[in-house]
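Residue strings, one per chain:
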Amino acid sequence: RELRRMVPALAIPRLLAGFVGISASAAFSPIAHHALPFIATRAKYQYYHRFHRSATTMAAKDHHKIALFDATGTLMLPSEPIGETYSRIARKHGLEVGSPGEIEQRFREVYGKTAAIDYTGLARAPHLVVEREIAWWRQLVSEVFSADISKSKTFEPCFEELFNLFGTSNAWTLYPESIPVLESLSKDGWTVGICSNFDHRLPSILKQLGVMDFASFIVLPGDCGCIKPQRDIFASALQRAGVPETHVAQVTCLHVGDSISADVVGALEAGIFPMLVDRRGKYASQPPPPPVPASCVVVSTLTPVLETAAAVPPMDRLPFGERKGPVLMVSPDDIS
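Once a new chain begins, its residue numbering starts again from 1 and follows that chain's sequence as written. Only residues with pLDDT of at least 70 are given local features in this predicted model, and only at 80 or more are side-chain atom pairs given and counted; all residues enter the totals for whole chains, interfaces and linings. Values shown for side chains rest on all heavy atoms present in the structure; no hydrogens or waters enter the calculation.

Novice: Can you help me understand the environment of Pro244 in this one?
Specialist: Where helices and strands are cited, they refer to DSSP runs of H or I of at least four residues and of E of at least two residues respectively, numbered from the N terminus. Structurally, Pro244 is set in the loop between α14 (231-240) and β6 (251-257). Considered as a pair, Pro244 and Phe320 are 76 residues apart in the sequence and their alpha carbons are 9.4 Å apart. In what follows, residue pairs with any heavy atoms lying within 4.5 Å of each other are defined as contacts. Each residue touching Pro244, except ones within four places of it in the same chain, is listed here: Leu318 and Phe320.

Novice: Help me understand the nonpolar core, please; the structure alone is not making it clear to me.
Specialist: Generally speaking, a soluble globular protein has its nonpolar side chains buried in company with each other. Counting 61 residues, the largest nonpolar core has Phe69, Met76, Tyr86, Phe145 and Ile194 as the members making the most contacts within it. If you tally residues by element for this core, the top one is helix α8 (residues 126-145), at 7 residues. Every residue in contact with Ile194, bar those within four places of it in the chain, is listed here: Phe69, Ala71, Leu75, Leu202, Leu206, Val211, Ala215, Phe217, Ile218 and Val219. Buried residues of nine kinds, namely Ala, Val, Leu, Ile, Met, Phe, Trp, Tyr and Cys, make up a nonpolar core once their side-chain atoms join them within 4.5 Å. With a 1.4 Å probe rolled over the protein chains alone, any residue whose accessible area is under 20% of its type maximum counts as buried; one over 50% counts as exposed, and the rest are partly exposed. Judged by nonpolar contacts, the second largest core, of 21 residues, contains Cys226, Ile233, Val243 and Ala270.

Novice: I keep staring at the packing of aromatic side chains and nothing clicks. Help me out?
Specialist: The description of an aromatic ring pair uses the distance of the two centres, along with the angle that the planes make with each other. Under the pairing criterion, centres of Phe, Tyr and Trp rings, with the six-membered ring standing for Trp, must be within 6.5 Å; the plane angle then separates stacked pairs below 30 degrees from edge-to-face pairs above 60, leaving the rest tilted. One pass over the full model with this rule turns up 11 aromatic pairs. Aromatic side chains Tyr86 and Phe166 sit 6.2 Å apart centroid to centroid with 65° between the ring planes, which places their arrangement in the edge-to-face category. With a gap of 80 residues between them, Tyr86 in helix α6 (residues 82-92) and Phe166 in the loop between α10 (155-165) and β3 (172-174) connect regions that are remote in the sequence. Taken individually, Tyr86 and Phe166 each receive the classification buried, so the pair is uniform in this respect.

Novice: Just to check I follow, could you spell out the sheet that holds strand β8 (residues 297-299) for this structure?
Specialist: Note: strands within a sheet are paired through backbone hydrogen bonds, in either parallel or antiparallel orientation. Judged by pairing direction, the sheet is parallel, and its 6 strands sit side by side in the order β5-β4-β1-β6-β7-β8 without closing on themselves. The open sheet has two edge strands with one neighbour each: β5 (217-219) and β8. Here the average twist between neighbouring strands, direction ignored, is 25°. The sheet contact formed by strand β4 (residues 191-195) and β5 spans 3 bridges and is parallel. Residue pairing across strands places Cys195 opposite Val219, the latter belonging to β5. Between N-to-C directions, angles cover 0 to 180 degrees, with each direction set by a line fitted to C-alpha atoms, over the stretch in contact for helices. Helix α11 (residues 178-187) contacts β1 (64-69) and β4 of the sheet and is inclined by roughly 170° relative to β1. At least two DSSP bridges between two strands are needed for those strands to be called paired.

Novice: Explain the environment of Leu140 here, please?
Specialist: Position of Leu140 relative to the elements: it lies in helix α8. The exposure class assigned to Leu140 is buried, which follows from its relative accessible area of 2%. For the pair Leu140 and Thr114, spaced 26 residues apart in the sequence, the C-alpha separation amounts to 7.8 Å. Beyond its immediate sequence surroundings of up to four residues, Leu140 is in contact with Phe107, Val110, Tyr111 and Thr114.

Novice: Can you walk me through the pattern of salt bridges in this structure?
Specialist: If charged atoms from side chains of opposite charge come close, those side chains can pair. Throughout this description, the term salt bridge denotes a Lys or Arg side-chain nitrogen within 4 Å of a carboxyl oxygen of Asp or Glu. Summed over the entire model, instances satisfying the criterion amount to 9 salt bridges. The residue Lys92 makes a salt bridge to Glu161 at a minimum N-O spacing of 2.7 Å. Of this pair, Lys92 sits in helix α6 while Glu161 is found in helix α10, placing the two residues 69 residues apart along the sequence. Using a relative accessible area of 24% as the deciding quantity, one classes Glu161 as partly exposed. Measuring nitrogen to oxygen at the nearest pair gives 3.2 Å for the salt bridge that ties Glu183 to Lys187. Of this pair, Glu183 and Lys187 both sit in helix α11, 4 residues apart, roughly one helical turn. Residue classification places Glu183 among the partly exposed positions, given a relative accessible area of 27%. One salt-bridge network, in which partners are shared between bridges, spans Asp70, Lys228 and Asp263.

Novice: What am I meant to see in the pairing of β6 here?
Specialist: If a strand is regular, its side chains alternate between the two faces of the sheet. Counting buried positions along β6 yields 7 of 7 residues, so the element is predominantly enclosed. Where burial is concerned, the two faces of β6 agree: the one with Val251, Cys253, His255 and Gly257 and the one with Thr252, Leu254 and Val256 are both buried. In this structure, β1 lies alongside β6, joined through 6 bridges in parallel fashion. Looking at the pairing, Phe69 lines up with Val256 of β6.

In structure tokens, the structure reads:
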């Protein structure tokens, strides 16, 4: 009845033919004329369900679920203590650098007082990024060993072997739950990404370890010209996950990492839900100090991430805007 009122009589068969998939000539037949109410009902049913499916699909596409992970100390760790690796390679090149324990302690001291690499302006110059990262590590290793040793003819071959070794999966191992958690999140519709302060060697390492079978992207300081906890690196991660700066739809994002300064504070500043990985149990009996909020989720392994992710609220703001100035890394955990 509604169709008869709104559409000329001759147009009705053509209209219904398009809805139900019959020819226009067949639609003009007497049988089709008497079946008009039934055909119209079917057309209405098909239209509703096509629209409903379309709207549901669009809503799902407009809701971004993003899970960001730090690398070192969160997904992976050195295969052996840093001091043992440094001492072993140094001895191989005839360098007497002290015991593994002494080198380990020295590494943490030197790293803690060394300013982070300034990546400003390097995002579009990958060759300069590599040069600056190698130079930074060369200087750090020379200070860990000593000024005299760094002047030795065998120091450079020793440094090159160390640098190359830590650029392969031979120097790293995954925590047992890393792959299962990433795989489960990916299957549950989360876009998994890596947001790390590591250098240009990380993509190769993670690919060799199998992480990139479930992670869609990696964001490094050399990609965006800044490091965690700066807001811009998290903004770059959201963009890599498919969230444009003008996006107004729903975005749910969590960032999982083991550094309070780089991961928790950085995520909070970016409006992202943080999870602190405390594998050593430092905060097992007491919560982390400010500026970490009391509501921050602290876990000893990645397994609880799956349950927590389901309860993460949508972001109320996106971290796009003016970039902040350079920062210092204050602990070896910040390299992750």
